[in-house]
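Below, each chain spelled out in residue letters.
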Amino acid sequence: FYYYNGYYNSYYGYLYGGWYSGNNYQEASTYQGATKTTGVFNGSYFYNMSNLRFSFGGTLSYSGYNTDFYNRVDDTKTGYLKGHNFAFTPVIRYSWLSKEKFRLHAGIGWSFYWDIIRYKMDTNKGTQTTKCSDTTFDNAFMITPIGFSFGKEIFVFGEANLGGRTGNFVGGVGYRF
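In this text the structure is predicted, and so the values were computed from the model without any measurement.

About the criteria used
- Residues numbered from 1 in each chain as written.
- Predicted model: local features only at pLDDT ≥ 70, side-chain atom pairs only at ≥ 80, totals over all residues.
- Heavy atoms only, no water.
- Core = buried A, V, L, I, M, F, W, Y, C linked by side-chain atoms within 4.5 Å.
- Buried < 20%, exposed > 50% of the residue type's maximum accessible area, 1.4 Å probe, protein only.
- Helix = DSSP H or I, 4+ residues; strand = E, 2+ residues; numbered from the N terminus.
- Salt bridge = Lys/Arg side-chain N within 4 Å of Asp/Glu carboxyl O.
- Contact = heavy atoms within 4.5 Å.

Undergrad: I'm lost on the nonpolar core in this one. Help?
TA: Nonpolar side chains in soluble globular proteins tend to end up buried together. With six residues, the main nonpolar core is built from F69, L81, I117, Y119, M121 and C132. When residues in this core are grouped by element, the largest group, three residues, is from strand β7 (residues 102–123).

Undergrad: Is there a simple way to think about the pattern of salt bridges in this case?
TA: Between side chains of opposite charge, a pair can form when the charged atoms approach closely. Here the structure, examined in full by the defined rule, presents four salt bridges. Note that K36 is salt-bridged to D68, the shortest N-O span being 4.0 Å. Here D68 lies in strand β5 (residues 54–71) and K36 lies in strand β4 (residues 27–48), a separation of 32 residues in the sequence. On the basis of relative accessibility, which here comes to 48%, the residue K36 falls in the partly exposed class. Residue D68 pairs with K77 through a salt bridge whose shortest N-O separation is 3.3 Å. One continuous salt-bridge network, built from bridges that share partners, spans K36, D68 and K77.

Undergrad: Help me out: how do you make sense of the environment of I143 in this one?
TA: Within the secondary structure, I143 is located in strand β8 (residues 128–151). Judged by its relative accessible area of 34%, I143 is partly exposed. Sequence separation between I143 and A160 is 17 residues, and the spatial gap between their C-alpha atoms is 8.6 Å. Sequence-distant contacts of I143, defined by excluding residues within four places in its chain, comprise G107, I108, A160, N161 and L162.

Below you can see the structure in the form of structure tokens.
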């Protein structure tokens, strides 16, 4: 069973990854450790139009991850892959049920995001080192088929998102001005 895992950059070509099976990485002498992630942290602001069911706003998001690579012979660390993602997503929402304490909404948005990646791999017992830092900018369309909020001034909320960079399932606590 073989599959491809890698990141492509037009300047460097394939920075890391390759055809491999199981946990083999770069050579049969190294393996990939567990990937640690921060999850996605969001901060949002929305302006609700008076007497209309539309609201306009945006979300700032951050997520990060880290993966270490190890030597199969002596389990020493041979490299790492670290990444940070920052995103801004303008959104338009429509509340198709809007009561004083409960709202159901749907929305669309467009995520603009920056990926910052750092990669290092020592080969041949430290005699050769491959390093790379790369920052890329991209964008993605987002749709929120359903979301809810419950409460008046202080409220809880949740929504399901498809695409974008704010997370697939978002929930939390908010405050209405």
